Amino acid sequence: EKDDRRVFGERWHSDVTFLEKPLLGAVLYALETPATGGDTLFANMYAAYEALSDTMKAMLEPLTAVHETEVPALDPATGKKAQPMRLEKKSGEHPVIKVHPETGKKVLYVNTTYTARIKGMTDEESRPLIDYLAAHATKAEFCCRVTWRPGTLTLWDNRSTQHLPINDYHGMRREMHRVAIET
């Protein structure tokens, strides 16, 4: 709404990776869009994996990440620890490098919203690795940008992409319809 200062999901993420079986994908349809702003970035996790060095791939291959609903982060506006989204506490584990069930290709499967730590590592050991992988995964060369207009429709595979809604349309309204696709 026009008065909102935050958008839902305003950090890079794949949807609900804290579930044992995250969503297959999603469809988003724009009904009302701001005159400017409100775009969404998408990152290709196949390309992010492929660009890693062979040594990094070998190190990551056996690792499992713990994904949770309440992963604290820094608020980009203040630099202070932000409150996590208020969701029912859930936790799931996924390989850091997943094999896509349909393509058989490997993808990097961590994100800053839900990846809490690497299993078997302390938070202090995990966080720098997760932060590095998250920054790597969202480099410009792996991303595309969708500029929304009424009638724009997107469909994405949640198992091989991440997305980030851009929070730059304060004072304007954006209404979208979303359909989640379960596996």
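See the structure shown above.
Each value, and the rule that gives it
Residues numbered from 1 in each chain as written. Predicted model: local features only at pLDDT ≥ 70, side-chain atom pairs only at ≥ 80, totals over all residues. Heavy atoms only, no water. Salt bridge = Lys/Arg side-chain N within 4 Å of Asp/Glu carboxyl O. Helix = DSSP H or I, 4+ residues; strand = E, 2+ residues; numbered from the N terminus. Buried < 20%, exposed > 50% of the residue type's maximum accessible area, 1.4 Å probe, protein only. Pairing = 2+ DSSP bridges. Phe/Tyr/Trp six-rings, centres within 6.5 Å; stacked < 30°, edge-to-face > 60°. Lys NZ or Arg CZ within 6 Å of the ring centre and 35° of its normal. Core = buried A, V, L, I, M, F, W, Y, C linked by side-chain atoms within 4.5 Å. Contact = heavy atoms within 4.5 Å.

1. Some points on the pattern of salt bridges
- Tallied over the full model, the rule gives 11 salt bridges.
- Residues Arg117 and Glu68 are paired through a salt bridge, measuring 3.0 Å at the closest nitrogen-oxygen approach. Within this pair, whereas Arg117 is found in strand β9 (residues 115-118), its partner Glu68 is found in strand β3 (residues 64-68), the two being separated by 49 residues in sequence.
- Since its relative accessible area comes to 26%, Arg117 is described here as partly exposed.
- For the salt bridge of Arg173 with Glu175, the shortest nitrogen-to-oxygen distance reads 2.9 Å.
- Under the relative-accessibility criterion, Arg173 is labelled partly exposed at 22%.
- It is possible to trace a salt-bridge network through shared partners that takes in Glu32, Arg173 and Glu175.

2. A few points about the pairing of strand β11 (residues 153-157)
- On β11, burial follows the alternation: Thr154 and Trp156 on one face are buried, whereas Leu153, Leu155 and Asp157 on the facing-out side are not.
- With 5 bridges joining them, strand β1 (residues 25-32) and β11 adopt antiparallel strand pairing. When the bridges of β11 are listed, Val27 appears paired with Leu155.

3. Focus on the packing of aromatic side chains
- Considering all chains together, one arrives at 2 aromatic pairs under this definition.
- One Lys or Arg, Lys57, reaches over the ring of Tyr49 and ends 4.8 Å from the middle of that ring.
- Between the NZ or CZ atom of Lys98 and the centre of the ring of Tyr109, over which it lies, the distance is 4.3 Å.

4. Some words on the nonpolar core
- Membership of the largest hydrophobic core comes to 25 residues, with the highest contact counts inside it found for Leu60, Val96, Leu108, Ile118 and Leu133.
- Sorting the residues of this core by element identifies β2 (40-44), α1 (45-50), α2 (54-60), β8 (106-108) and α3 (123-137) as the ones contributing at least two each.
- Those residues in contact with Leu133 that sit more than four places away from it in its chain are Leu52, Leu60, Val96, Leu108 and Val110.
- Counting 8 residues, the second largest nonpolar core, distinct from the first, contains Ala26, Leu28, Ala30 and Met176.

5. Considerations on the side chain of Ser160
- If you trace the backbone, Ser160 turns up in the loop between β11 and β12 (161-165).
- The contacts of Ser160, once residues within four sequence positions are left out, are Ala43, Asn44, Met45, Tyr46, His100 and Val107.

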